[in-house]
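# Architecture at a glance
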Amino acid sequence: MTKYNNVVIFGASQGIGEALAYEYAELNSALVLLSRNEESIDQISKGIQAIGGSCFFKKCDISLMEEIKSGIEFAVEKLGTIDLLIINSGIGGPNWMNNFSSNDFINMFNVNTFGIARVLELTIPIMMKQGYGTIAGITSLADIRGYGGSASYSASKAAGSILLESARVELKKHNIRVITVRPGFVKTAMTDKNEFKMPFLMQPDIAAKRIRKGIDKGRSIVQFPWPIVMASRIIKILPNWIYDWAMDKARPVKK
Ligand SMILES: NC(=O)c1ccc[n+]([C@@H]2O[C@H](COP(=O)([O-])OP(=O)(O)OC[C@H]3O[C@@H](n4cnc5c(N)ncnc54)[C@H](OP(=O)(O)O)[C@@H]3O)[C@@H](O)[C@H]2O)c1
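Position numbers for residues start from 1 in each chain and track the written sequence from start to end. Reporting of local features is limited, given that this is a predicted model, to residues whose pLDDT is at least 70; pairs of side-chain atoms are given and counted only at 80 or more, and all residues count toward the totals for whole chains, interfaces and linings.

## Let's talk about the sheet that holds strand β7 (residues 221–224)
Strands pair in a sheet through their backbones, by hydrogen bonds, and they do so in one of two ways: parallel or antiparallel. We count it as follows: What makes two strands pair is DSSP finding at least two bridges between them. Secondary structure elements follow DSSP: runs of H or I no shorter than four residues count as helices, runs of E no shorter than two count as strands, and numbering proceeds from the N terminus. Throughout, an axis means a line fitted to C-alpha atoms (over the contacting stretch in the case of helices), and angles, computed between N-to-C directions, take values from 0 to 180 degrees. What counts as a contact is two residues whose backbone-derived C-beta atoms lie within 7 Å of each other.
If you walk across this open sheet you meet the seven strands as β3-β2-β1-β4-β5-β6-β7, and the pairing is parallel. Both edges of this open sheet fall to β3 (54–59) and β7, since each of them pairs with a single strand only. The mean inter-strand angle of the sheet, taken between neighbouring strand axes irrespective of direction, is 15 degrees. The pairing of strand β6 (residues 176–183) with β7 spans four bridges and is classified as parallel. Bridge pairing links P183 to F224 in β7. Helix α6 (residues 151–171) contacts β5 (133–138) and β6 of the sheet and is inclined by roughly 155 degrees relative to β6.

So, in structure tokens, the structure goes:
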């Protein structure tokens, strides 16, 4: 059971977003999927309809304000209300300092962080008018420190988590719940590119179930799996000399 009748997902064409779409469809939520890959969200939408679900889709790039605006208008037109909004869109990949690209850094912020900001700007007034709403933003357990080879990703996710936390404390009094979702490693196209060992790698459908259950339980932060959550807490407080040594072992710099 989920209490969310109408669910909108940004970044639903594959991986965790696709798994979330099926997770909510199986619990009878009506869905709007917003993503750039129109062919893929069309297929997912048809798959959901084939199992008796209600699903609409629209092409949307989270880096373009106009497309987000028309995506949200489309969602309101189709669903009437937005009960749960999931901002899942994200890009990843390494960005090592020996070949550092500021462009890569800017691109990652443009999707992972500014994407959340754009969606918040356009959705908060709608939820305030409705008098309620829930917003779940997917950041990452990688938001904890600057991981080697991951300056762009870690920084963009850290900024996303801070943005969502501020939104949470402010919007509570407007009956809008804001949730930060911080997954560990999930097997998707994004992590298939990783060359390092990914402990406790999880399938996307399992991750989607954990996210849905955490949201339903009313958590303000949904984070998993617990061994990586615990490890992240320890990593956060490690003195720099231990952290630097450990990072060099875990993700050695390519010469
Ligand atoms: N996989 C992991 O281990 C892991 C761990 C922690 C956090 N996360 C986060 O979880 C989220 C989903 O990741 P994933 O692993 O499922 O990766 P994925 O398979 O690569 O999926 C990424 C999703 O983001 C969408 N997206 C990317 N750029 C977009 C844009 N400009 N506008 C709209 N949508 C965009 C993609 O849709 P289109 O290409 O159709 O636009 C796709 O649906 C990301 O925010 C990621 O950072 C993943």
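Let's pick the thread back up.
## Notes on the site of the ligand
Just so we agree on the cut-off: For each residue, a C-beta atom is placed from the backbone, and the residue is labelled near a molecule or strand when this atom is within 6 Å of it. Any residue outside Ala, Val, Leu, Ile, Met, Phe, Trp, Tyr, Cys, Pro, Asp, Glu, Lys and Arg is labelled polar, Gly included; the first ten of those are nonpolar and the last four are charged.
Near the ligand there are 30 residues, and of these G11, G15, R36, N37 and G90 occur at the shortest range. Secondary structure elements with two or more residues in the shell around the ligand: α1 (15–26) and α7 (189–192). Tallied by class, residues from the shell around the ligand come to 13 nonpolar, 15 polar and two charged.

## What about helix α5 (residues 114–130)?
Operational definition: Given the number of residues in a helix, its expected span is that number minus one, multiplied by 1.5 Å. We define the bend at each residue as the angle formed by axes fitted to the 7 residues ending at it and the 7 residues starting at it.
With 17 residues, α5 extends 24 Å from end C-alpha to end C-alpha; this agrees with the ideal 24 Å at 1.5 Å per step. The axis of α5 is deflected most strongly, by about 35 degrees, at T123, and proline P125 appears within four residues downstream. Immediately beyond the C-terminal end of α5, within one or two residues, lies G131, with a positive phi of roughly 90 degrees.

## Comments concerning the environment of R118
Stated formally: Exposure criterion: with C-beta atoms placed from backbone coordinates, a residue whose C-beta has 20 or more other C-beta atoms within 10 Å is buried, one with 12 or fewer is exposed, and one in between is partly exposed.
On the secondary structure map, R118 appears in helix α5. Look at R118 and you get buried, because 20 C-beta atoms sit within 10 Å. Separated by 79 residues in the primary sequence, R118 and E39 place their C-alpha atoms 24 Å from one another.

Note that all results are geometric; they support no functional claim without further evidence.
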